[in-house]
Amino acid sequence: MSASLNGVSLTSVRERDQKDPLANFKRRFALPEGVLYLDGNSLGAQPSTVKQAVDDTLNQWRDELIKGWNQGWFDAPERLGNLLAPVIGAQSGEVCVTDNITLNIFKLLGYILGQCQDDRRAVLSEGGNFPTDGYIAQGFCRVSGTEHRFLPEGANLAEHLEGVAVVVLSQVNYRTGKLRDMAETTKLVHAHGAEVIWDLAHSAGALPIDLNGSGARYAVGCTYKYLNGGPGAPAFLYVHRDYQDGGWQPLSGWHGHTSPFAFDANYTPAGDISRFRTGTHSALIYSALEASLTMWAEVDMQALREKSLAMSDLFRECLSDLFDSHGIKDITPAASERGSQVSLIDKQNGYAIVQALIARGVIGDYREPGLMRFGFTPLYLSFEDVWQAAKHFREVVESGEYQDAQFHVRGAVT
Ligand SMILES: *Cc1c(COP(=O)(O)O)cnc(C)c1O
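If you're wondering where the values come from, they're calculated on a predicted model, not measured in any experiment.

Some points on the site of the ligand
Working step 1: In the neighbourhood of the ligand, 13 residues make up the surrounding shell, with Thr102, Asp133, Asp199, His202 and Lys225 lying closest.
Working step 2: Side-chain polar atom of His202 to an oxygen atom of the ligand: 3.0 Å apart, as the coordinates give it.
Working step 3: Separating an oxygen atom of the ligand from a side-chain N or O atom of Lys225 is a distance of 2.6 Å.
Working step 4: Of all the elements in the fold, those that place two or more residues in the shell around the ligand are helix 4 (101-113) and helix 5 (131-144).
Working step 5: Residue classes in the shell around the ligand are distributed as four nonpolar, six polar and three charged.

Side note on the pattern of salt bridges
Working step 1: What the rule picks out here adds up to 25 salt bridges.
Working step 2: We note a salt bridge from Arg316 to Asp330, for which the minimum N-O separation is 2.8 Å. Of this pair, Arg316 sits in helix 8 (residues 301-326) while Asp330 sits in strand 13 (residues 329-330), placing them 14 residues apart in sequence.
Working step 3: The exposure class of Arg316 is buried, given its relative accessible area of 18%.
Working step 4: As a salt-bridge pair, Arg360 and Glu401 come within 2.7 Å of each other at their nearest N and O atoms.

Section: the domain arrangement of the protein
Working step 1: Domain boundaries assigned for the protein yield domain 1 (4-30 + 300-408) and domain 2 (51-296).
Working step 2: Computed from C-alpha coordinates alone, the two centres of domain 1 and domain 2 are separated by 30 Å.
Working step 3: Contact between domain 1 and domain 2 buries roughly 1,800 Å² in total, counting both sides, with carbon and sulfur atoms accounting for 60%.
Working step 4: In terms of surface lost to domain 2, no three residues of domain 1 exceed Met301, Glu337 and Gln341, which account for 26% of the buried area on that side.
Working step 5: Between domain 1 and domain 2 we count one salt bridge in total.
Working step 6: The class makeup of the residues in the side of domain 1 that touches domain 2 is 11 nonpolar, 10 polar and seven charged.

Side note on the pairing of strand 14 (residues 341-345)
Working step 1: For strand 14, the buried fraction is high: five of the five residues fall into the buried class.
Working step 2: Neither face of strand 14 is open: one carries Gln341, Ser343 and Ile345, the other Val342 and Leu344, and all of them are buried.
Working step 3: Sheet topology note: the strand 14/strand 17 (residues 371-375) ladder contains five bridges and is antiparallel. The residue of strand 17 that forms the bridge with Ser343 is Arg373.

Side note on the environment of Ile331
Working step 1: One can find Ile331 in the loop between strand 13 and strand 14.
Working step 2: Along the sequence, Ile331 and Leu157 sit 174 residues apart, while their C-alpha atoms lie 21 Å from each other.
Working step 3: Non-local contacts of Ile331, meaning those with residues more than four positions away in its chain, are made with Thr176, Ser343, Ile345 and Leu371.

Quick word on the sheet that holds strand 10 (residues 195-199)
Working step 1: Read from one edge to the other, the open sheet built from seven strands follows the order 6-12-11-10-9-7-8, with strand pairing classed as mixed. Each end of this open sheet is capped by a strand with a single partner; those strands are strand 6 (95-97) and strand 8 (148-151). Each neighbouring strand pair of the sheet contributes to a mean axis angle of 20°, computed without reference to strand direction.
Working step 2: By the bridge criterion, three bridges tie strand 10 to strand 11 (residues 218-221) in an arrangement that is parallel. Bridge pairing in strand 11 links Ile197 to Tyr218.
Working step 3: Of the strands in this sheet, strand 9 (164-170) and strand 10 are in contact with helix 6 (residues 182-191), which crosses strand 10 at around 150°.

As for the nonpolar core
Working step 1: Counting residues in hydrophobic clusters, the biggest one holds 58 residues, and the most contacted among them are Leu84, Ile88, Leu200, Leu211, Phe236, Trp296 and Leu379.
Working step 2: Among the elements that take part in this core, helix 7 (residues 283-296) stands out by supplying eight residues, more than any other.
Working step 3: Each residue touching Ile88, except ones within four places of it in the same chain, is listed here: Val95, Ala204, Ile209, Asp210, Leu211 and Phe236.
Working step 4: Listed in part, the 39 residues of the second largest apolar core include Val13, Leu38, Val396 and Phe407.

Reading the values: the criteria
Residues numbered from 1 in each chain as written. Predicted model: local features only at pLDDT ≥ 70, side-chain atom pairs only at ≥ 80, totals over all residues. Heavy atoms only, no water. Near = heavy atom within 4 Å. Polar contact = N/O pair within 3.5 Å; in protein donor to acceptor, adjacent residues only side chain to side chain. Helix = DSSP H or I, 4+ residues; strand = E, 2+ residues; numbered from the N terminus. Nonpolar A, V, L, I, M, F, W, Y, C, P; charged D, E, K, R; others polar. Salt bridge = Lys/Arg side-chain N within 4 Å of Asp/Glu carboxyl O. Buried < 20%, exposed > 50% of the residue type's maximum accessible area, 1.4 Å probe, protein only. Domains from an automatic or database assignment. Buried area = accessible area lost by both parts, 1.4 Å probe. Pairing = 2+ DSSP bridges. Contact = heavy atoms within 4.5 Å. Axes fitted to C-alpha atoms, helices over the stretch in contact; angles between N-to-C directions. Core = buried A, V, L, I, M, F, W, Y, C linked by side-chain atoms within 4.5 Å.

Here it is as structure tokens:
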């Protein structure tokens, strides 16, 4: 008889791998031996074409020196934006790959508020969102003299839009994995005369997104999580084509100028998405990201979504009896309201369980208080990987292995 976890047999998951339309993508990643990587929601794995791409750019720098800027380096923010656009339901010219999410939110807040005529001025941040989104909104409000508010976690958005000019919302919550209905929420916010900046950090590359079809005007997101751009890969910024001539964004740097190499004393914003650039970017990391996005252009996002949901359900199915008997709370949302992660709470032992798993080569992550997060990346995980990870989880918890003192020491990055 084949090994089985809570009634899910190894044979059955191997059969699922046989039928998986995305199975061939796994070979296109450089994955370390002996690692089951469930942290692609924090830092995506490395596509195998990346190394050569970065090496080519290093050679280009060596051989071509400054000429490289005219050989694709300078235009990378727009070129990569156009590569990414179909993955998030946008069109060419609507996406710029630049800076990081934090800075891009600042730029969009200034851009939107700069056009705001009436006296509704407040910026609304979402309680329970990834903190930088709120921090930068607070920083923006301090320098601009704007009122800042928090939407209490779980509150009804419609009741908190009075006097609000712009709200920053994550499509998928980084902790719980909860997915918002983008079309419905965008409509609601617009009906109240406000704008919404969507943060796609945990949805871009995790599920199909239809920015245009949802009526979204503004969005940001990162490329180093599900999109595999590499550590420090630049973020992206989306502005719907009808909203691109609205004036200045506040981080008015020379790359966002209408003619950067005219070296005018005065700033005039570029007439298109390029106005959201600031200053010089890294050609090296853009080449890593471009190699990844070239692969993403081949991905069937519906198949990705189906596999993502099937994998997160499989992981929970293999463990549900264990959760009940060990006081672990499964707060993963239902399939239709879920990103691509499983979220488990164990306030007492969560940290140590994650550390003990990492010691076994099963990499998930931990967020205070008590949250164990496991990201499911359909391009480089198989159903068998998910089953094996669940097996390790079960062994770590049932044996009490996590109680070892070494698993209670805290590192700087968790
Ligand atoms: C990961 C993440 C960020 C990261 O912001 P950076 O400025 O790119 O470091 C921001 N917001 C959310 C919701 C995230 O999940």
